[in-house]
Amino acid sequence: MADENTLHVPARDIPLPTGISEQARAILTAPKREFPGYPDVGNLDGWRRYAQGMNAAMTGPMQAKAATVDAEVTDREIDGVTVYDIRPASVPEVDPHVLLDIHGGAYIVGFGDACRAQATGVAGDLGVRVCSVDYRSPPDHPFPAPLDNCLAVYRALVESHGAANIVVGGSSAGANLTAALMLRARDEGLPMPAGAILHTPHLDMTNGSDSLYANRGLDMVLSGSDLTSISAVYAPGQDYRNPYLSPLFGDLSDFPPTFLSTGTRDLFLSDTVRMHAALRALDIDAQL
């Protein structure tokens, strides 16, 4: 024990799990990406350059996948917010069902062409109509601007499609915004959607989850990330226990049926499990 609050774990080798697919094996044995480090929190120009550079790097692979999807893609605006409406060729135009997709990317990347391409890939994978929110993002548009944009689009979709025909979902930061949107929509008197999807969700900005520390260096995507910096840029000067920032601290009693996914080497494993337990304690249909 380093002290009464810290357990020191010596360096050790972690074997690959047995029985995993070749694709999973390739991911887990891939060379670690060089993490360039984040700018200082107050360096807004540095964060702008970082966001643009990271966004450009992720756009190409997403566009390559999107090019394989047979779908009609329409850029439009809802209440001043850019959205991408993607309808696979297999989905009839009159089908009212829609997935409101909220992109991830540490709250600051995944916008523009990356958002459109990522949503097109989701539409192709799931064979459903997707409406993706290209929400405003930090450093120029910190909290609550991204959540405001998601709420505006959800409100419009409720009016046009009906809440019973909508599922809302996202990954990582997008899953945070999905969960926060459920609480914000409920508080503003809007009906809940048919369901929510939380893939590897970041739900506790106080960094109170065990896996943030236990899986540091094991997470293949976020191994070098400093979540404290990301939170400070996304929500400067805010109380991180605000349920619209950390949905785990909110009243979850009206949450819709929810699907949650994570992995044993995911930094957000504990966030996901804690959310599942909180929903089940309220007898909400939730699958982990």
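Thresholds applied
- Residues numbered from 1 in each chain as written.
- Predicted model: local features only at pLDDT ≥ 70, side-chain atom pairs only at ≥ 80, totals over all residues.
- Heavy atoms only, no water.
- Buried < 20%, exposed > 50% of the residue type's maximum accessible area, 1.4 Å probe, protein only.
- Helix = DSSP H or I, 4+ residues; strand = E, 2+ residues; numbered from the N terminus.
- Pairing = 2+ DSSP bridges.
- Right-handed = clockwise from strand over helix to strand, strands pointing away.
- Axes fitted to C-alpha atoms, helices over the stretch in contact; angles between N-to-C directions.
- Left-handed = near helix turned anticlockwise from the far one by under 90°.
- Contact = heavy atoms within 4.5 Å.
- Nonpolar A, V, L, I, M, F, W, Y, C, P; charged D, E, K, R; others polar.

(A) Representation of the pairing of strand β6 (residues 195–199) within the structure. Extensive coverage of β6 is indicated by the burial of four of its five residues. Judged from the five bridges that link them, strand β5 (residues 166–171) and β6 form a sheet pairing that is parallel. Across the sheet, the residue bridging to V168 is A196, located in β6. Note on the crossover from β5 through helix α5 (residues 173–187) to β6: the handedness is right-handed.

(B) Representation of the packing of helix α2 (residues 44–66) against helix α3 (residues 113–126). Interaxial distance between α2 and α3 falls to 8 Å at its minimum, and their mutual angle equals 35°. Once α2 is placed against α3, the crossing between them reads as left-handed. The segment α2 lies against α3, with N55, M58, T59, M62, Q63, K65 and A66 engaging D113, A114, A117, Q118, T120, G121 and D125. Of the residues contributing to the contact of α2 with α3, the split by class is five nonpolar, six polar and three charged.

(C) Expanded view of the pairing of β5. Alignment of strand β3 (residues 98–102) against β5, held across five bridges, turns out to be parallel. The partner of I102 across the bridge, within β5, is G170.

(D) Broad picture of unusual backbone geometry. Cis geometry marks the peptide bond from P138 to P139; its omega dihedral reads 10°. Tracing the chain through its elements places P139 in the loop between β4 (130–133) and α4 (145–161). Of note, the bond from F143 into P144 is cis; its omega dihedral lies within 30 degrees of zero at 10°. Inspection of the secondary structure puts P144 in the loop between β4 and α4. Positive phi, close to 60°, is recorded for S172, a residue that is not glycine. In this structure S172 comes out as buried when scored by relative accessible area, which is 18%. Unlike most non-glycine residues, D283 shows phi in positive territory, near 60°. Relative to the helices and strands, D283 is located in the loop between α8 (269–281) and β8 (286–287).

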